Amino acid sequence: MARVVVDVMLKPEILDPQGQAVQRALPRLGFEGIADVRQGKRFELEVDGPVDEAALARIHEMAETFLANTVIEDFVVKVES
Amino acid sequence: MTARIGVVTFPGTLDDQDALRAVRLAGAEPVSLWHRDKDLRQVDAVVLAGGFSYGDYLRAGAISRFSPVMETIIDQAKSGMPVLGICNGFQILTEAHLLPGAMLQNNHLHFICRDQKLRVENAETAWTADYEQGREISVPLKNMDGRYVADERVLDELEAEGRVAFRYLDLNPNGSLRDIAGITNAAGNVVGLMPHPEHAVEPLVGTGGTDGLGFFTSIVKRLVAA
């Protein structure tokens, strides 16, 4: 079985309060030098059968209609070998 | 003829009973609709009630948007059927692209529950005609994902077309852009808002008393006149 990863991130212009909360906690914990943190989602899809062009097209459609809300989020589809 | 108004129950919907009660108090016949049914049982309008449908997994409203009942509601809403989405219902309407923009987690990351003052900015929609434009009302607000966002172009368009239906007054409880609490589609039949008018329809509860009843009397008058 092949694995396809879909990474979903809030668009750069959208405020990410979760990421900000993490970033503000870092110096308190002794981790210095991190200017910004943004938090996203990672989907790992175990795909039946070959990950050919047709399968990737389906996954792209799935990401666009369901896994990501493209009004607020960007996504990237990657095949993991 | 009595208007029939449907209220959808998804797994995780919490406010369907209050919505059904509000419909009844406004003089219409409340009809329970189930998320798995495609058939809307001849209702004249639909309320998508608040709660946490499908546990808000993935994104609030994202999974519900693909339920069989929503397939029919999306079709009917596009051909003019009145739909009101309250809180989780508003989230479902944005996920279904019946309303523009999206809902995100509150900017302070806390669940919030308070009485919220609102200004009625558009009293010409199917669900707001019983209010006067500019009227200030108070209704309960309770949400985790209530931050309304859209890009500048969409926000400007909403403002220019008078489609910001409600704005938060005194305090913006969740970081919604331009203090937007509720919006309408261009036709005025689809309205979404984060606060809960269905919890303010009887004098016994809420600081606003019956401030929320106008949503339901508006639609009843509209349907009876039709």
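Residues numbered from 1 in each chain as written. Chains lettered and ligands numbered in written order. Predicted model: local features only at pLDDT ≥ 70, side-chain atom pairs only at ≥ 80, totals over all residues. Heavy atoms only, no water.

**As for the UniProt feature "active site" (unreviewed entry) in chain B**
Residue and element names in this part refer to chain B.
Point 1. Under the UniProt annotation, "active site" (unreviewed entry) lies at Cys87, His196 and Glu198. A maximum C-alpha distance of 10.8 Å is found for the annotated residues, which run over 112 residues; spatially they form one tight group.
Point 2. Residue position: His196 is located in the loop between β11 (190-193) and α5 (213-225).
Point 3. Take His196: its relative accessible area is 0%, and that puts it in the buried class.
Point 4. Ignoring any residue separated from it by four or fewer positions in sequence, one finds His196 in contact with Asp15, Gly50, Ile86, Cys87, Val139, Pro140, Leu141 and Lys142.
Point 5. By secondary structure assignment, the location of Glu198 is in the loop between β11 and α5.
Point 6. Each residue touching Glu198, except ones within four places of it in the same chain, is listed here: Asp15, Asp18, Ala19, Ala22, Ile86 and Phe216. (UniProt positions renumbered as here; feature names shortened; annotations may be inferred. Helix = DSSP H or I, 4+ residues; strand = E, 2+ residues; numbered from the N terminus. Buried < 20%, exposed > 50% of the residue type's maximum accessible area, 1.4 Å probe, protein only. Contact = heavy atoms within 4.5 Å.)

**Concerning helix α2 (residues 53-67) of chain A**
Residues and elements named next belong to chain A.
Point 1. Along α2, the residues classified as buried are Ala55, Ile59, Ala63 and Leu67. Looking straight down α2, one finds its buried side chains confined to an arc of 80°; they lie on one side. Residues of α2 that are exposed and point over 90 degrees away from its buried face: Glu53, Ala54 and Arg58.
Point 2. Check the buried side of α2 and you find it contacts β1 (2-10), β2 (41-47) and β3 (73-80). (Arc of directions from axis to C-beta.)

**What about the side chain of Ser64(B)?**
Residue and element names in this part refer to chain B.
Point 1. Within the secondary structure layout, Ser64 lies in the loop between β3 (45-48) and α2 (68-78).
Point 2. A polar side-chain atom of Ser64 sits 2.5 Å from a polar atom in the side chain of Ser53.
Point 3. Residues contacting Ser64, with those up to four places away along its chain left out, are Phe10, Ser53, Tyr54, Met70 and Ile92. (Polar contact = N/O pair within 3.5 Å; in protein donor to acceptor, adjacent residues only side chain to side chain.)

**Some thoughts on the layout of surface pockets**
Point 1. The calculated volume of the largest pocket comes to roughly 500 Å³.
Point 2. As for the largest pocket, its lining consists of 28 residues, and the residues nearest its centre are Gln18(A), Lys41(A), Leu104(B), Gln105(B) and Asp145(B).
Point 3. Breaking the lining of the largest pocket down by element, the ones donating at least two residues are β1 and α1 (17-28) of chain A together with α3 (88-95) and β5 (102-104) of chain B.
Point 4. A volume near 200 Å³ is recorded for the second largest pocket.
Point 5. Lining of the second largest pocket is provided by Glu13(A), Ile14(A), Leu15(A), Val71(A), Ile72(A), Arg147(B), Val149(B), Ala150(B), Asp151(B), Glu152(B), Gly175(B) and Leu177(B).
Point 6. For the lining of the second largest pocket, the class distribution of residues is seven nonpolar, one polar and four charged. (1 Å grid on protein atoms, 1.4 Å probe; cavity = no way out; pocket = protein on both sides within 12 Å on 5 of 7 lines; lining within 4 Å. Points joined across faces, edges and corners; volume = space filled by probe spheres on them. Nonpolar A, V, L, I, M, F, W, Y, C, P; charged D, E, K, R; others polar.)

**Regarding the interface of chain B and chain A**
Point 1. Across the boundary between the two partners, chain B contributes 16 residues, which contact 16 residues of chain A.
Point 2. Summed over both sides, the interface between chain B and chain A buries roughly 1,300 Å², with carbon and sulfur atoms accounting for 68% of that surface.
Point 3. Our enumeration of links across chain B and chain A arrives at one salt bridge.
Point 4. The closest approach of N and O atoms between Glu73(A) and Arg59(B), which form a salt bridge, is 3.8 Å.
Point 5. Across the chain B-chain A interface, the total number found is six residue pairs in polar contact (both at pLDDT 80 or more).
Point 6. Those elements that provide at least two residues to the side of chain B that touches chain A are β5 and β8 (147-149) of chain B.
Point 7. Grouping the amino acids of the side of chain B that touches chain A by side-chain chemistry returns eight nonpolar, five polar and three charged. (Buried area = accessible area lost by both parts, 1.4 Å probe. Salt bridge = Lys/Arg side-chain N within 4 Å of Asp/Glu carboxyl O.)

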